[in-house]
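Per-entry structural report
Take a look at the letters that make up each chain.
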Amino acid sequence: MTEIRVTVSRWQTRRPWWRGRRRMPGLVLEIDGYGTTQTYGTRDLDTARAMVLDYLDCVDSPTSRDAVVIWTETGA
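Residues numbered from 1 in each chain as written. Predicted model: local features only at pLDDT ≥ 70, side-chain atom pairs only at ≥ 80, totals over all residues. Heavy atoms only, no water.

1. Quick look at the packing of aromatic side chains
Taken as a whole, this structure holds 1 aromatic pair when the rule is applied. On the basis of an interplanar angle of 75° and a centroid distance of 6.1 Å, the ring pair of Trp 11 and Tyr 40 is categorised as edge-to-face. Of the two residues, Trp 11 is situated in strand β1 (residues 3-14) and Tyr 40 in the loop between β3 (35-38) and α1 (45-58); the sequence distance between them amounts to 29 residues. Assessed through its relative accessible area of 17%, Trp 11 is described here as buried. When its relative accessible area of 56% is taken as the criterion, Tyr 40 is described as exposed. (Phe/Tyr/Trp six-rings, centres within 6.5 Å; stacked < 30°, edge-to-face > 60°. Helix = DSSP H or I, 4+ residues; strand = E, 2+ residues; numbered from the N terminus. Buried < 20%, exposed > 50% of the residue type's maximum accessible area, 1.4 Å probe, protein only.)

Put into structure tokens, the structure is as follows:
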């Protein structure tokens, strides 16, 4: 089974004034050996997993959907 290592950190920003200036959370996903992507408006790991697999498809490194993702949190 394929193993993907991902370092996760949190980010948060204010939305533009026309969206009520609420905080918009997300995750920064550093995929070991491939690059960085991020989620917008959610910190759900199921969504993050889908983002990682989609990112790998985009960089011409397709991975099976049942690949094991090993999450490492940076604490940020």
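2. Some words on α1
Along its 14 residues, α1 runs 20 Å from first to last C-alpha, staying within 8% of the 20 Å computed at 1.5 Å per residue. Within α1, the full set of buried residues consists of Ala 48, Val 52, Leu 53, Tyr 55 and Leu 56. Down the axis, α1 shows its buried residues gathered within 155° of arc, on one side only. When the buried face of α1 is taken as reference, the exposed residues oriented beyond 90 degrees from it are Asp 46 and Cys 58. Against β1, β2 (23-31), β3 and β4 (68-73) lie the buried residues of α1. A positive phi of about 60° marks Asp 60, the residue just after α1. (Expected span 1.5 Å × (residues − 1). Arc of directions from axis to C-beta. Contact = heavy atoms within 4.5 Å.)

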